[in-house]
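Here are the chains, one letter per residue:
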Amino acid sequence: RILCKAIWVSINPGDFQVRMDRIADTKYDPKDLRVIQAGDIVVSGIDVVHGSIGYAQRDVADRVVSKEFYTLRVRRDHKDLIDPRYLALLLRTAHARELVAGMVTGTSNRTRIEDVDSLLWLPLAPMPALPVQRRLAERVATSLERRRKARIALGTALTDANKAWDGILDSADSEDEVPQT
């Protein structure tokens, strides 16, 4: 085992995004780490039944995931047939998660798929034409960007609303103060 710094990523089941998580020391064997590339489909072996499957953008290329994650790439000879963003979306559907639920091991919140081969043999719905896949993937990307902007706007509104308390709390604090004589 080697102690080294690794830039980890995570997948939030709710938003399809593979994102930077943290920089941390690790004691994993190098053979147990996987480097992801832009365009990879990243699957959390532990949370796949909850939809933790994402598409890696350029901002997470060359980052590290542990052996609890699997990376899938569309074969070169299938690039004209399959959009990896669509495939990641397809694997997140309720139907796919139901099929995966029948393959997991473990109990409660610690279920997992044992290996990537489990996913490779998963029966999939027929693939629509590539332009249809791309349009759907773009709709998802647009929706996620709108949601990101909405979260920022909500946070800003809450911060602004919170400022209304500043004057009230400041005056309450000053009323509690005992005058110095």
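Here the structure is a predicted model, which means the values were calculated and not measured.

**Student:** Help me understand the overall build of the chain in this model?
**Tutor:** Per the secondary structure count, the chain includes four helices and seven strands. From first element to last, N terminus to C terminus, the chain shows the α and β order β-β-β-β-β-β-β-α-α-α-α. Relative to its 181 residues, the chain shows a buried fraction of 33%. Put simply, of all contacts in the chain between residues at least 6 apart along the chain, 68% involve residues at least 24 apart. Roughly 12000 Å² of accessible area belongs to the chain as shown, and the carbon and sulfur atoms make up 54% of that amount.

**Student:** Could you clarify how one ought to interpret unusual backbone geometry in this entry?
**Tutor:** Despite not being glycine, Asp62 shows a phi value in the positive range, around 70°. Tracing the backbone through its elements, the reader meets Asp62 in the loop between strand E5 (53–55) and strand E6 (64–65).

**Student:** Help me understand the nonpolar core in this model?
**Tutor:** Grouped together as the largest cluster of nonpolar side chains are 18 residues, with contacts concentrated most on Ile41, Val43, Val48, Ile53 and Val100. Taken together, the elements giving at least two residues each to this core come down to strand E4 (41–44), strand E7 (69–72) and helix H1 (84–92). Top element by residues in this core is H1. It accounts for five residues. What Val48 contacts, discounting residues up to four positions off in sequence, is Val43, Ile53, Arg97, Val100 and Ile113. Core analysis: the next-biggest nonpolar cluster, separate from the first, contains six residues, Ile36, Val42, Val60 and Val65 among them.

**Student:** Hey, could you run me through the side chain of Arg85 in this one?
**Tutor:** With respect to the helices and strands, Arg85 occurs in helix H1. Only 2.7 Å separates the side chain of Arg85 from the side chain of Asp83, close enough to count as a polar contact.

**Student:** Sorry if this is basic, but what is going on with the side chain of Gln133 here?
**Tutor:** Structurally, Gln133 can be placed in helix H4 (residues 130–176). When residues no more than four places from it in sequence are discounted, the contact partners of Gln133 are Leu81, Ile82, Asp83, Tyr86, Met127 and Pro128.

**Student:** I keep staring at the pattern of salt bridges and nothing clicks. Help me out?
**Tutor:** Oppositely charged side chains can pair when the atoms bearing their charge come close. Counted according to the given criterion, the structure contains six salt bridges. Close ionic contact of Arg85 with Asp83 constitutes a salt bridge, the shortest N to O distance being 2.7 Å. The burial state of Arg85 is the same as that of Asp83; both residues are buried. With a closest N to O distance of 2.6 Å, Glu145 and Arg148 form a salt bridge. Placement of both Glu145 and Arg148 in helix H4 is noted, with a separation of three residues, approximately one turn of the helix.

**Student:** Sorry, what's going on with the environment of Leu124 here?
**Tutor:** Mapping Leu124 onto the fold places it in the loop between helix H3 (116–120) and H4. For Leu124, a relative accessible area of 40% translates into the label partly exposed. Considering only alpha carbons, one finds Leu124 and His95, 29 residues apart in sequence, at a separation of 9.3 Å. Setting aside anything within four residues of it in sequence, one finds Leu124 in contact with Leu87, Leu90 and Leu91.

Reading the values: rules and limits
- Residues numbered from 1 in each chain as written.
- Predicted model: local features only at pLDDT ≥ 70, side-chain atom pairs only at ≥ 80, totals over all residues.
- Heavy atoms only, no water.
- Helix = DSSP H or I, 4+ residues; strand = E, 2+ residues; numbered from the N terminus.
- Buried < 20%, exposed > 50% of the residue type's maximum accessible area, 1.4 Å probe, protein only.
- Contact = heavy atoms within 4.5 Å.
- Areas by Shrake-Rupley, 256 points an atom, 1.4 Å probe, with all protein chains shown as cover.
- Core = buried A, V, L, I, M, F, W, Y, C linked by side-chain atoms within 4.5 Å.
- Polar contact = N/O pair within 3.5 Å; in protein donor to acceptor, adjacent residues only side chain to side chain.
- Salt bridge = Lys/Arg side-chain N within 4 Å of Asp/Glu carboxyl O.

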